[in-house]
Amino acid sequence: MAEAIAIIGAGPAGVRAAQTLARAGHRPVLIDENMRIGGQIYRQPPPGAERAPDQLYGFEAAKAVAIHRALDGLDIDYRPETLVWNAREKLLDLTGPRGSERLAFDRLILATGATDRSIPFPGWTLPGVFSLGGSQIALKAQGCAIGRRVVFAGTGPLLPLVAYQYAKAGATVAAVLDTSSFATKLKAAPGLLALPKLFAKGLYYLAQLKRRGIPVIEGVDGFAAEGATAPEAITWHRGGETGRIECDAVGAGFGLRSETQLADLLGCAFAFDELTRQWLPTKDAEGRASERHLYLAGDGSGIAGADAAELAGERVAWTLLGDIGQSVDSGRVATLDRGLARIARFRRAIEAAYPFPHRFHAAIPDALIICRCEGVTAGHLKFQVEQREAGEMNRLKAYSRLGMGRCQGRLCASAGAELLSHWRDAEIGTVGRLRGQAPVKPVPVA
Amino acid sequence: MSGQFVRLAERTSAEIRFTIDGTPATARAGDTVLTAMLLNRPSIGATEFTPHDRAGFCLMGACQACWVYDADGARRRGCSTLVEPGMALFTKWVPSHG
Amino acid sequence: MTEQLRSDVAIIGGGIAGCAAALALRKRGLGVVLMDKGFCGAGASGVNFGGVRRQGRSLVELPLATRSRAIWDRLPELVGEDGEFRATGHVKLARSEADMAVLEHYAADAAEWGLDLKLIGQNAVRDDHPWLGRKVVGASLCADDGQANPRLVGPAFARAARRAGADIRELTRVEAASFDGDRFEVRAAGGLVVTSRWLINVAGAWAGKVADWFGDGAPVETLAPNMVVTEPLPFFIDRSIGVCGGDIYVRQVDRGNVVFGGGNGWGDIELERSRPLAPTTEASMAKLIDLIPALKGAMVIRSWSGLDGEMPDHIPVIGPSLSIPRLLHAFGFSGHGFQLGPAVGEVLSELVVDGETPTDIKAFALARFQ
């Protein structure tokens, strides 16, 4: 009796998993919220907005096209525009073009990917402020700039990339503000050489920005968006130095955060990852989650990038095949594991080069909105800590409503935990985490 | 009224006529609802609990800040819904009685 | 690392009843140590629908519920905040003539117990609540019932009890308790040992296990509610809503979210886990639209469950142990203990200090299960 295998997420990890399983004779169900496969970095524009791959993906064009074609000719039960809103034991609750349905599975690969990680800054709730990833999607998938004069701010390897892509596409990039200083990057440089091509690309983007005369200000200690009803300028400071740059749009991001709600609903064990300051579902060396019929691949269980996602997606498919008694190409698996190990070393250097500036949270003023969905300010959170003795994330949520809104903490839980740990003078790994609740994204009552 | 978004890449696909709060607007096939609205407007509606209007944020279906409404009161997630000819989109919802 | 405490009263369970008891006992001058394995008020007290309701209760609960209703008005003075209590009124809907007969019958009975209900015919229901679906044929209104925010109330009682001098120990799991003929000894994880004259068992879904330690067996079953909430919506549901049959309950909070529930989730007191069930959630969603068609299109954004104790006759156990002196029980609130909690606390304190309570709790005697 064939095992019923489901894969959640059709980014590079999910696609490679589906490909590997299909080639081994299975017909996995591949469930994805988007209209087309590819995930985020290799997102395909919707029909009508297509452009040539090199225009969309630059250096990554060949990889993107390979992913887009990876399932051609294979028999996959592909469910686009479908949301898994709940998961329990061996059942998934789906909603999509086929309406609502329940899908039973024997084995499940979670390849749920990641979203931008946010640090609230003054003005971040103005319409015209987008995430860095969102800014990139506007360009890639819709051929649009998020505004007429854009400032990009935050940190991470995505920052110079998106800025460069905008400049190359003819948008006006007023400045790039990076919270990571040049000195910090220099110190991390030897580690970055573990993947020389990737390192070279990073340098290339920066050089291109400078060539175009776009100010790249590194090591900023903070920034704020000004404007009454829309962004009008960004102000920044670095030591005693300040600056003000006119803009009508801001793309901001501080690295990525994993989407772990379904792993949580399925009862996976979680552990706090010190490097990325996030709670992640645990996995063994072969990609199995703590629940043995579940497998984790890609950014959804720890940020490692698209290349690692491809390797991990294929790798956990081999793990699964071995677990159900099918033959495994151990040479191939060894190659995949070596690739993953190499990328892991590089990722540590990336975190060192673009550290998450968690110290920013200490400077957040009381009036700043932390939970956008519910309009919860830092001051309101502080009240819960000081007057209602909240010392743990779920308590903080229960009292303040942080994380109770439509996005269920995707944009605010990180800041909430950083603030809580700061005010309680407690290690961030000790203040708890918000739990996944069904539906993991909003679904209509009817 | 000017839009927040700026179209950079030339789009040769069909023009799409739709309405925002009853006012005619145009976009192109391949535009999402969010893009279509933001090409025409600075925002897509108010927020419940902040002083600012909203315009979406993540464009990838995570932030849930781009929900708009159709004529039947159904929600459409702007970043993951394509705009279609004749679509009547609204920036706020009013419950109908009966 | 042992910590030894001696106290007049030890309380197992930090829900509203336990914390209200702790507060009341402190006001009567007794020493109190309260232990909860988690955070106070995060059990059944914190995950329920939030109805502050007398209408619809078993008649024998009405004296206790009436006493409690008066306390709800005084929450700001008692615990320093109002818990978002609003006397919105509670409307119980009839969806058939048979339902209406039930409501009429109950209204007549309840009047004898001091509860004034107003029966409303079909036209008046539609006039007052034009957003109700056509299936509603009538209703019964308790204008003075209402709703509150369960996540706030229990913790507020805990903090008030602590301010009054109670030793409130959260994240302190009681592992064993015994009686030596004179004193109780309660042992908690982490080495805490509390010796007390009195012991109060308000351990919620786990109270049956605690009762068993003393030979006070009671047929407590685990009850896991299934609660759902929508995105914030324009405010129009100005009453807390119930139905004959109790299969759905709905309310809209000031901020606009519509909270609704009905049916069972899943819960396990050994695993100490609970969760809502998709089929139950979906069934509730369908009933909600039936009841309030204007909500079509509204988005559900969260659901949750919790662990409560259910008695076979759906009324709690409140009162002394059958054999052990100075042991009091209050558990098995069967999904509707939220409104009662403040009064239960006061009653327990009276049983300790005065040996009796003016509130009629005879019907809740543990002996009924022997």
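Residues numbered from 1 in each chain as written. Chains lettered and ligands numbered in written order. Predicted model: local features only at pLDDT ≥ 70, side-chain atom pairs only at ≥ 80, totals over all residues.

Colleague: I'd like a description of the overall build of chain C, backed by residues and values.
Modeller: When you go through chain C residue by residue, the secondary structure sums to 10 helices and 22 strands. Its C-alpha radius of gyration of 21 Å places chain C within 12% of the 21 Å reference for a compact globule of 370 residues. Over its C-alpha atoms, taken along the principal directions, chain C stretches across nearly 65 × 40 × 40 Å. The proportion of buried residues among the 370 residues of chain C is 57%. (Helix = DSSP H or I, 4+ residues; strand = E, 2+ residues; numbered from the N terminus. Rg over C-alpha atoms; globule rule 2.2 N^0.38 Å. Buried ≥ 20, exposed ≤ 12 C-beta atoms within 10 Å, placed from the backbone.)

Colleague: Would you mind going over helix α13 (residues 413–423) of chain A in detail, with residue names and values included?
Modeller: All names here are of chain A. Summarising burial for α13: 10 of the 11 residues are buried, a large majority. Listed in full, the buried residues belonging to α13 are Ala413, Ser414, Ala415, Gly416, Ala417, Glu418, Leu419, Leu420, Ser421 and Trp423. Those residues of α13 that are buried are in contact with β18 (256–258), β22 (369–371), α11 (378–386) and α12 (393–400). Among the residues trailing α13, aspartate 425 stands out with phi positive, at a value near 50°. (Contact = placed C-beta atoms within 7 Å.)

Colleague: Give a detailed account of the interface of chain B and chain C, specifying residues and quantitative values.
Modeller: Taken together, the contact pairs 10 residues of chain B with 12 residues of chain C. A breakdown of the residues in the side of chain B that touches chain C according to their chemical character gives three nonpolar, four polar and three charged. (Nonpolar A, V, L, I, M, F, W, Y, C, P; charged D, E, K, R; others polar.)

Colleague: Which residues make up the pairing of strand β9 (residues 174–179) of chain C, and what are the values?
Modeller: Residues and elements named next belong to chain C. Pairing between β9 and strand β10 (residues 184–188): five bridges, direction antiparallel. In the sheet register, phenylalanine 179 faces β10, and the bridge partner there is phenylalanine 184. Hairpin geometry of β9 and β10 is characterised by an intervening segment of four residues between the two adjacent antiparallel strands and by a positive phi of about 105° at glycine 181. (Pairing = 2+ DSSP bridges.)

Colleague: How would you explain the interface of chain B and chain A if you had to name every residue and give the values?
Modeller: Contacts between the two partners involve 35 residues from chain B, matched on the other side by 44 residues from chain A. Going through the elements one at a time, β1 (6–7) and β5 (53–54) of chain B are the ones with two or more residues in the side of chain B that touches chain A. Where strand β10 (residues 144–145) of chain A meets β1 of chain B, two bridges bridge the pair, whose relative direction is antiparallel. Bridged to alanine 145 of chain A within β1 of chain B is valine 6 of chain B.

Colleague: Would you mind going over the sheet that holds strand β14 (residues 222–226) of chain A in detail, with residue names and values included?
Modeller: All names here are of chain A. Taken together, the three strands give an open sheet; going across it, the order is β14-β15-β16, and neighbouring strands pair in antiparallel fashion. Of all strands in the sheet, those bounded by a partner on one side alone are β14 and β16 (241–246). With direction set aside, neighbouring strand axes in the sheet form an average angle of 15°. In the sheet, strand β15 (residues 233–238) pairs with β16 via six bridges, with the strands oriented antiparallel. From the neighbouring strand, histidine 237 faces β16, where its bridge partner is threonine 242. (Axes fitted to C-alpha atoms, helices over the stretch in contact; angles between N-to-C directions.)

Colleague: Describe unusual backbone geometry, naming the residues involved and giving the relevant values.
Modeller: All names here are of chain A. Residue alanine 438 is joined to proline 439 through a cis peptide bond whose omega torsion reads -5°. Within the secondary structure, proline 439 is located in the loop between α13 and β24 (443–444). Unlike most non-glycine residues, arginine 401 shows phi in positive territory, near 80°. Among the structural elements, arginine 401 can be located in the loop between α12 and α13.

Colleague: With reference to specific residues and values, describe the domain arrangement of chain C.
Modeller: By convention, interface size is frequently given as the accessible area that disappears when the constituent parts associate. Residues and elements named next belong to chain C. For chain C, the domain assignment lists domain 1 (3–50 + 151–220 + 311–369), domain 2 (90–143) and domain 3 (225–305). If you average the C-alpha positions of domain 1 and of domain 3, the two centres end up 29 Å apart. Taken together, the seven residues of domain 1 in the interface contact nine residues of domain 3. (Domains from an automatic or database assignment.)

Colleague: Tell me about the nonpolar core, and please be specific about residues and values.
Modeller: In terms of nonpolar packing, the biggest core is built from 299 residues, with Val150 and Ala163 of chain A together with Ala22 and Phe157 of chain C touching the most fellow members. It is helix α9 (residues 305–323) of chain A that provides the largest number of residues to this core, a total of 10 residues. With residues near it in sequence (within four places) discarded, valine 150 of chain A still touches Ala145, Tyr166, Ala171, Thr172, Val173, Ala174, Cys247, Ala249 and Gly251 of chain A. (Core = buried A, V, L, I, M, F, W, Y, C linked by C-beta atoms within 7 Å.)

Colleague: Account for α12 of chain A, naming residues and giving values.
Modeller: Counting buried positions over the eight residues of α12 of chain A gives seven, a clear majority of the element. Looking only at α12 of chain A, the buried set comprises Met393, Arg395, Leu396, Lys397, Ala398, Tyr399 and Ser400 of chain A. In this structure, the buried residues of α12 of chain A make contact with β23 (376–377), α11 and α13 of chain A together with α2 (44–47) and α7 (150–163) of chain C. Two residues or fewer after α12 of chain A comes arginine 401 of chain A, characterised by a positive phi angle close to 80°.

Colleague: Explain the confidence of the model for chain C to me, and be specific about the residues and the numbers.
Modeller: Close reading of the predicted structure is inappropriate where its pLDDT is low. A residue-level look at chain C finds 100% of positions with pLDDT of 70 or above and a mean pLDDT of 97. The complex prediction reports pTM at 0.97, with the ipTM value standing at 0.97. (pLDDT = per-residue confidence, 0-100.)

Colleague: I'd like a description of the sheet that holds β24 of chain A, backed by residues and values.
Modeller: Across a sheet, paired strands are connected by hydrogen bonds in the backbone, their directions being either parallel or antiparallel. Read from one edge to the other, the open sheet built from nine strands follows the order β24(A)-β19(C)-β13(C)-β16(C)-β15(C)-β14(C)-β4(C)-β6(C)-β5(C), with strand pairing classed as mixed. The two strands at the open ends of the sheet, each matched to only one other strand, are β24 of chain A together with β5 (118–121) of chain C. With four bridges connecting them, strand β15 (residues 249–252) of chain C and strand β16 (residues 257–261) of chain C associate as antiparallel partners. Opposite arginine 251 of chain C, over in β16 of chain C, you have valine 259 of chain C as the bridge partner.

Colleague: Give a detailed account of the environment of leucine 262 of chain A, specifying residues and quantitative values.
Modeller: Relative to the helices and strands, leucine 262 of chain A is located in helix α8 (residues 261–265). When near neighbours in sequence (up to four residues on either side) are disregarded, leucine 262 of chain A contacts Ile8, Val84, Ala87, Leu110, Thr112, Gly436 and Val440 of chain A.

Colleague: Pulling in residues and values, what's your account of the environment of arginine 388 of chain A?
Modeller: For arginine 388 of chain A, the location among the structural elements is in the loop between α11 and α12. A count of 19 C-beta atoms within 10 Å places arginine 388 of chain A in the partly exposed class. Placed 11 residues apart in sequence, arginine 388 of chain A and tyrosine 399 of chain A show a C-alpha to C-alpha distance of 8.0 Å. Setting aside its immediate chain neighbours within four residues, arginine 388 of chain A contacts Tyr399 of chain A together with Pro155 and Arg159 of chain C.

Colleague: Break down the packing of helix α1 (residues 16–27) of chain C against helix α10 (residues 341–353) of chain C for me, with residues and values.
Modeller: Residue and element names in this part refer to chain C. Relative to each other, α1 and α10 sit at 45°, their axes nearing to 7 Å. Regarding the angle of α1 to α10, the classification is oblique. Pair α1 / α10 crosses with right-handed handedness. Contact residues: Ile16, Ala17, Cys19, Ala20, Ala21, Leu23, Ala24 and Leu25 in α1; Gly341, Pro342, Val344, Gly345, Glu346, Leu348, Ser349 and Val352 in α10. For the contact of α1 with α10, a count of residues per class yields 12 nonpolar, three polar and one charged. (Parallel < 35°, antiparallel > 145°, perpendicular 65-115°, else oblique. Left-handed = near helix turned anticlockwise from the far one by under 90°.)

Colleague: Tell me about the packing of helix α5 (residues 158–168) of chain A against helix α7 (residues 196–211) of chain A, and please be specific about residues and values.
Modeller: Residues and elements named next belong to chain A. It is at 9 Å that the axes of α5 and α7 come closest, and there the two elements cross at 45°. On the basis of their axis angle, the class for α5 and α7 is oblique. Our pair here, α5 against α7, has a crossing hand that is left-handed. Judged by residue contacts, Pro160, Leu161, Ala163, Tyr164 and Ala167 of α5 engage Gly202, Tyr205, Leu206, Gln208 and Leu209 from α7. Within the contact of α5 with α7, the residues separate by chemical class into eight nonpolar, two polar and no charged.

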